[in-house]
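Architecture at a glance
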Amino acid sequence: MAPHLVDIDGDTCHHAHNASKKFSEPFERVLERFFTDLFNDVRWSVDLKEALREICLLINVTFRMPHRFVNHRWLSAYDSTMSTLCLWDALTVSYYAFLPKSNKTLYLSYVVEIYRRKSVSQESRSRIREILTSLSGKNLTADGRNRKQRIIERLTIKQKETLLHLHFYETVLPMLKKYVLVLEMKEPLIHTLHDNMMELVRDFLCCFVRPELLSKATTGKKLMDLIEMIDNGSAVLPGSEMFFGAKASAVVNVGLKKKDSTVQRFLTAASKAYSECGKYLLKKLPLNSTALKYFSTIDPVCRGHSASLASMLKITDCVLPNVRDANEKDKYETDLRRFHSDSSLPLYKPKEDRVDVWWWQVFQTGKYPTLQKIISAILSCFHGPQVEGHLM
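Analysis parameters
- Residues numbered from 1 in each chain as written.
- Predicted model: local features only at pLDDT ≥ 70, side-chain atom pairs only at ≥ 80, totals over all residues.
- Heavy atoms only, no water.
- Helix = DSSP H or I, 4+ residues; strand = E, 2+ residues; numbered from the N terminus.
- Rg over C-alpha atoms; globule rule 2.2 N^0.38 Å.
- Buried < 20%, exposed > 50% of the residue type's maximum accessible area, 1.4 Å probe, protein only.
- Lys, Arg positive; Asp, Glu negative; His and termini not counted.
- Charge placed at Lys NZ, Arg CZ, Asp CG, Glu CD.
- Arc of directions from axis to C-beta.
- Phe/Tyr/Trp six-rings, centres within 6.5 Å; stacked < 30°, edge-to-face > 60°.
- Lys NZ or Arg CZ within 6 Å of the ring centre and 35° of its normal.
- Core = buried A, V, L, I, M, F, W, Y, C linked by side-chain atoms within 4.5 Å.
- Contact = heavy atoms within 4.5 Å.
- pLDDT = per-residue confidence, 0-100.
- Disulfide = S-S within 2.5 Å.
- Axes fitted to C-alpha atoms, helices over the stretch in contact; angles between N-to-C directions.
- Parallel < 35°, antiparallel > 145°, perpendicular 65-115°, else oblique.
- Nonpolar A, V, L, I, M, F, W, Y, C, P; charged D, E, K, R; others polar.
- Left-handed = near helix turned anticlockwise from the far one by under 90°.
- Expected span 1.5 Å × (residues − 1).
- Polar contact = N/O pair within 3.5 Å; in protein donor to acceptor, adjacent residues only side chain to side chain.
- Salt bridge = Lys/Arg side-chain N within 4 Å of Asp/Glu carboxyl O.

So, about the overall build of the protein. For the protein, the count of helices and strands is 20 helices and zero strands. Compactness check: the protein gives a C-alpha radius of gyration of 27 Å against a globular reference of 21 Å for 392 residues, more than 25% above the reference. Across the 392 residues that make up the protein, the buried fraction comes to 49%. Within the protein, the 44 negative side-chain charges are centred at a point lying 6 Å from the centre of the 56 positive side-chain charges.

Structure below.
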């Protein structure tokens, strides 16, 4: 045991990334395999890459390489989702070349609809026809042929399912991505960590948890009490009332009226994805951490409030008893009380100033030597993934 160390659960960004994996598991990771197939297929075929580039130009789509899905890279599934949606029309047109002749008539309407929506000229259509004819005559390896068949299946036969999954990912994963992007910054954000976690969890849970229950869960402890109710389904909204985003919801609403089996399977998987991901966040994130709740009061915007003063007074007794000497308790309290009423300190601008720089300016005054020890210890707490780069 090491009683002098403070446990703030380390890097919560890893929890957010692992939560995204929990989110994708009910969908059997079909999109992740699709992303990998797309990247490899374009990567290993210069002709296909150049054809895709030209087709993008002809139908007014910005060309980009399909994003490479990497399982351990922060929210790679979200980046691959956005890349695939941007290229969707161009991919549909390009892979039409590899359809069996017997299916080309069946799926020609997909290409024609893109032409109409994108207002593609007759001249461009003729040029695309030449490109597709050239691609269809290419000799393919067995691996290449099988990979293209899997891609074609996603773009045509299972298009509705694929787009439902893509639009659901597009809607939900930005919540986790935003959290990671904020906390992977190099500046200390220990003072906002608890608030950021609470915001992430509440934003995520409101997509599928009954609002009458979520509105009462005002603390980290009360949020964690929802785990059992999510697990047994009593806190979860019916599938048709969950949040899927406008694009996915439009397909879901039509599918429910027609009792579409694809939509029914999607609702079952989406409900499980929400529940498993939500439970993971509630179990793994230190929402009820006393240390993090107290550390949030070192935010300069909290200065001058009696509640902040009371919390900061408890830090040395409850969280950091080893930082100050036993005979410095009165000095720390004196420093703290003077600090909270000092009108001569520099103005803090939350959206512009770094918290560590602001506190350095306070330390330069030399007024609060004992408080400086405590704040320096708190600001040095590791809470993000940046340390990995320094250990390489």
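This paragraph deals with helix α19 (residues 369-379). Along α19, the residues classified as buried are Thr-370, Leu-371, Ile-374, Ile-375, Ile-378 and Leu-379. Each buried residue of α19 sits inside an arc of 165 degrees when the element is viewed along its axis, so together they form one side.

What follows is about the packing of aromatic side chains. Tallying each qualifying case throughout the model produces 23 aromatic pairs. Measuring from ring centre to ring centre gives 5.6 Å for Tyr-95 and Phe-98, while their planes differ by 55 degrees; the resulting arrangement is tilted. Considered together, Tyr-95 and Phe-98 belong to a single accessibility category, that of buried residues. Three or more aromatic residues joined by ring pairs make a cluster, and in this case those are Phe-23, Phe-27, Phe-168, Tyr-169, Phe-204, Phe-208, Phe-244, Phe-266 and Tyr-274. Above the ring of Phe-339, the side-chain terminus of Arg-303 is found at 5.5 Å from the ring centroid.

As a further point, take the nonpolar core. Phe-23, Tyr-95, Leu-205, Leu-223 and Trp-359 are the most contacted members of the largest nonpolar core, which totals 120 residues. In this structure, Tyr-95 is in contact with Leu-38, Asp-41, Val-42, Leu-48, Lys-148, Ile-151, Ile-152 and Leu-155, ignoring residues within four places of it in sequence.

Next up on the list: the environment of Asn-253. Examined against the element boundaries, Asn-253 turns out to sit in helix α13 (residues 246-258). The exposure class assigned to Asn-253 is partly exposed, which follows from its relative accessible area of 42%. Between the alpha carbons of Asn-253 and Leu-166 there is a distance of 17 Å; along the sequence they are 87 residues apart.

Once that is clear, we can look at the confidence of the model for the protein. Confidence along the protein averages 92 in pLDDT terms, with 94% of residues attaining 70 or more. In this model, residues 387-392 is a region of pLDDT below 50 whose contacts with residues beyond four sequence positions or in other chains number two contacts.

Another aspect to go through is the state of the cysteines. If you walk through the whole model with that rule in mind, you get zero disulfides. Sulfur of Cys-206: no disulfide; nearest cysteine sulfur belongs to Cys-207 and is 4.6 Å away. With no disulfide partner, Cys-302 has as its closest neighbouring cysteine sulfur the one in Cys-381, 17 Å distant.

Let's shift gears to the packing of helix α17 (residues 329-341) against α19. Relative orientation of the contacting elements α17 and α19 amounts to 90 degrees, with a least axis distance of 7 Å. One element, α17, and the other, α19, form an angle in the roughly perpendicular class. Contacts between α17 and α19 pair Lys-331, Tyr-332, Asp-335, Leu-336 and Phe-339 from the former with Pro-369, Thr-370, Leu-371 and Ile-374 from the latter. Residue composition of the contact of α17 with α19, grouped by class: six nonpolar, one polar and two charged.

Put simply, helix α8 (residues 159-183) and helix α14 (residues 261-284) touch, their axes get as near as 11 Å, and they point 20 degrees apart. With respect to each other, α8 and α14 are oriented roughly parallel. Where α8 crosses over α14, the two elements pack in a sense that is right-handed. Residues Lys-160, Glu-161, Leu-164, His-165, Phe-168, Val-172 and Leu-176 of α8 pack against Thr-262, Val-263, Arg-265, Phe-266, Ala-270, Tyr-274, Cys-277 and Leu-281 of α14. A class-by-class count of the residues in the contact of α8 with α14 yields ten nonpolar, two polar and three charged.

Turning to helix α1 (residues 12-24), a few remarks are in order. Because an α-helix completes one turn every 3.6 residues, residues spaced three or four positions apart along the sequence face the same direction. The terminal C-alpha atoms of α1, which comprises 13 residues, lie 19 Å apart, in line with the 18 Å expected from a rise of 1.5 Å per residue. All of the buried residues along α1 are Thr-12, Cys-13, His-15, Ala-16, His-17, Ala-19, Ser-20, Phe-23 and Ser-24. At its buried positions, α1 is contacted by α2 (30-43), α8, α9 (193-205) and α14.

In this structure, Leu-140 sits in the loop between α6 (122-136) and α7 (142-155). The exposure class of Leu-140 is partly exposed, given its relative accessible area of 29%. Each residue touching Leu-140, except ones within four places of it in the same chain, is listed here: Phe-98, Arg-145 and Lys-148.

A word on the side chain of Thr-92. With respect to the helices and strands, Thr-92 occurs in helix α4 (residues 76-95). Polar side-chain contacts of Thr-92 include one of 2.9 Å to the backbone oxygen of Trp-88. Setting aside residues up to four positions removed in sequence, Thr-92 forms contacts with Tyr-110, Ile-114 and Leu-155.

One pass over the structure, following the stated rule, counts 23 salt bridges. Notably, a salt bridge pairs Glu-161 with Arg-265, separated by 4.0 Å at the nearest N-O pair. Note that Glu-161 is positioned in helix α8 and Arg-265 in helix α14, a separation of 104 residues in sequence. Residue classification places Glu-161 among the buried residues on the basis of a relative accessible area of 17%. Across the salt bridge formed by Glu-333 and Arg-337, the nearest N and O atoms sit 3.0 Å from each other. Here the residue Glu-333 and the residue Arg-337 both occupy positions in helix α17, the gap between them amounting to four residues, near one helical turn. Residue classification places Arg-337 among the partly exposed residues on the basis of a relative accessible area of 41%. In this structure, a network of salt bridges that share partners links the residues Asp-41, Arg-147 and Lys-148.

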